[in-house]
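Here's the letter readout for the chains.
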Amino acid sequence: MDRARPVLHVPPAVAAAYSYCESVTGQQARNFAYGIRLLPTAKRRAMSALYAFSRRVDDIGDGPLDGPVKESRLEETRALLGRIRAGTVAEDDTDPVAVALSDAARRYPLPLGGLDELIDGVLLDVRGTTYDSWEELEVYCRCVAGAIGRLSLGVFGTLPGVRDTARASEYADTLGLALQLTNILRDLREDADHGRSYLPAEDLEKFGCSADFPSDDLPSDGDFRGLVHHEVERARALFTDGYRLLPLLDRRSGACVAAMAGIYQRLLDRIAADPYAVLRSRVSLPNRQKAYVAVRGLSGVEARQAARRSART
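Residues numbered from 1 in each chain as written. Predicted model: local features only at pLDDT ≥ 70, side-chain atom pairs only at ≥ 80, totals over all residues. Heavy atoms only, no water.

> Before we go on, may I ask you to explain the packing of helix α8 (residues 168-186) against helix α12 (residues 251-273) in this structure?
For any two helices packed against each other, one specifies the crossing angle of their axes together with the interaxial distance. Their axes nearest at 10 Å, the elements α8 and α12 cross at an angle of 40°. Taken as a pair, α8 and α12 cross one another with a handedness that is left-handed. On α12, the residues touching Leu-175, Leu-179, Thr-182, Asn-183, Leu-185 and Arg-186 of α8 are Val-257, Met-260, Ala-261, Tyr-264, Leu-267, Leu-268 and Ile-271. Tallied by class, residues from the contact of α8 with α12 come to ten nonpolar, two polar and one charged. (Axes fitted to C-alpha atoms, helices over the stretch in contact; angles between N-to-C directions. Helix = DSSP H or I, 4+ residues; strand = E, 2+ residues; numbered from the N terminus. Left-handed = near helix turned anticlockwise from the far one by under 90°. Contact = heavy atoms within 4.5 Å. Nonpolar A, V, L, I, M, F, W, Y, C, P; charged D, E, K, R; others polar.)

> Where do I start with the nonpolar core in this structure?
A general tendency of soluble globular proteins is for nonpolar side chains to be buried together. In this structure, Phe-53, Leu-110, Leu-115, Phe-213 and Phe-224 are the most contacted members of the largest nonpolar core, which totals 103 residues. Among the elements that make up this core, the one with the highest residue count is α12 (13 residues). With residues near it in sequence (within four places) discarded, Phe-53 still touches Thr-77, Leu-80, Leu-81, Ile-84, Val-97, Leu-101 and Leu-115. (Core = buried A, V, L, I, M, F, W, Y, C linked by side-chain atoms within 4.5 Å. Buried < 20%, exposed > 50% of the residue type's maximum accessible area, 1.4 Å probe, protein only.)

> Got a minute to help me understand a negative patch on the surface in this structure?
Residues Asp-132, Glu-135, Glu-136, Glu-202 and Glu-205 make up a contiguous surface patch of negative charge. Among the secondary structure elements, those contributing two or more residues to the negative patch are α7 (134-156) and α10 (201-206). Of note, Asp-132 is situated in the loop between α6 (113-126) and α7. In this structure Asp-132 comes out as partly exposed when scored by relative accessible area, which is 48%. (Patch = residues over 30% accessible without salt bridge, like charges linked within 9 Å, V, L, I, M, F, W, Y side chains within 5 Å. Areas by Shrake-Rupley, 256 points an atom, 1.4 Å probe, with all protein chains shown as cover. Salt bridge = Lys/Arg side-chain N within 4 Å of Asp/Glu carboxyl O. Lys, Arg positive; Asp, Glu negative; His and termini not counted. Charge placed at Lys NZ, Arg CZ, Asp CG, Glu CD.)

> Mind showing me how you'd approach the packing of helix α3 (residues 41-62) against α7 here?
For the pair α3 and α7, the least separation of the axes is 9 Å and the interaxial angle reads 160°. It follows from the interaxial angle that α3 and α7 lie roughly antiparallel. As α3 packs across α7, the resulting crossing turns out to be right-handed. Packed against α3, whose contacting residues are Lys-43, Ala-46, Met-47, Leu-50 and Ser-54, the element α7 presents Ile-148, Leu-151, Ser-152, Val-155 and Phe-156 at the interface. Here the contact of α3 with α7 is composed, by residue class, of seven nonpolar, two polar and one charged. (Parallel < 35°, antiparallel > 145°, perpendicular 65-115°, else oblique.)

> Where do I start with helix α11 (residues 224-242) in this structure?
Since one α-helical turn is 3.6 residues long, residues separated by three or four positions face the same way. Helix length check: α11, at 19 residues, gives a terminal C-alpha distance of 27 Å against a target of 27 Å (1.5 Å per residue), a fit within 8%. Looking at the packing, one finds that the buried side of α11 touches α7, α8, α9 (188-193), α10, α12 and α13 (277-280). (Expected span 1.5 Å × (residues − 1).)

> For this particular structure, what's the right way to read the pattern of salt bridges?
Once their charged atoms are close, side chains differing in charge can pair, the charge on each being opposite to the other. Scanning all chains against the criterion turns up 28 salt bridges. Between Asp-250 and Lys-43 there is a salt bridge, with the nearest N and O atoms lying 3.1 Å from each other. Pair noted here: Asp-250 is in the loop between α11 and α12 and Lys-43 is in helix α3, with a separation of 207 residues, a long-range link. On the basis of relative accessibility, which here comes to 21%, the residue Asp-250 falls in the partly exposed class. On the basis of relative accessible area, Lys-43 is assigned to the buried category, the value being 7%. For the salt bridge of Arg-106 with Asp-103, the shortest nitrogen-to-oxygen distance reads 3.8 Å. Taken together, the residues span about one helical turn, with Arg-106 and Asp-103 both in helix α5 (residues 96-107) at a distance of three residues. Via salt bridges that share partners, Glu-75, Arg-78, Arg-85, Asp-116 and Asp-120 belong to a single interconnected network.

Structure below.
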């Protein structure tokens, strides 16, 4: 059920804080911004506040500071989250992200512990954690993406009386995993250039590949194409399961999810068609294809297809 609290008036200071968050979202997350523009104003603002806070956490992890300083900054951000959770951030606070997220948390039942999980996941990045198996990588993906899916569901809400709503959080989490695994594949070269490796060591070993993917030359040893296709199939299975969320959402929330997930699913298709593309440049989707995905989402096509697949299984 959509449990948004009807807070009709938005004070000027809070409205300005939301505007700041929407600006950050539009500049830093084009795919995300493309999807949330399909939402009503209040939900779009709340999603922008969630993104802006998450972006702050990610920027600390990706920034040039030394590891210990990053860890300290992340713990400071966790303390700020504690203030937001306690409802002690004033409307005229000088931090617009904190103001906007505090207001969103009053309006919607946000599981703010998911942002603690995000901080935990970024701490793994800061410490250079690598993953031996998919099960280990899955824990990381749930922290940095599955948690965001569950937070987003707090904004979306679910339709009353719809079957399977008890599993909505699970589906949102799984869809987050699919998006994150697609991100990992898309960013293989960039991550390798920064000394990061996410793909499970057992998968790299299975296909005879190393973790330091070259920036200029294609790998001469191992089955890189086979490795990518293996991860693509894993991501596709996650998308299929996660799409069960769509029939549980109202039309505009479902359209938003379908747009964001659809964009990433088409990125995955591009990667599958040309695995070596991820080593040459950042794989992206033209705006006309994004628009097509958004139209399909608004039409309810993706939700109906997801409902039929769910009924069959």
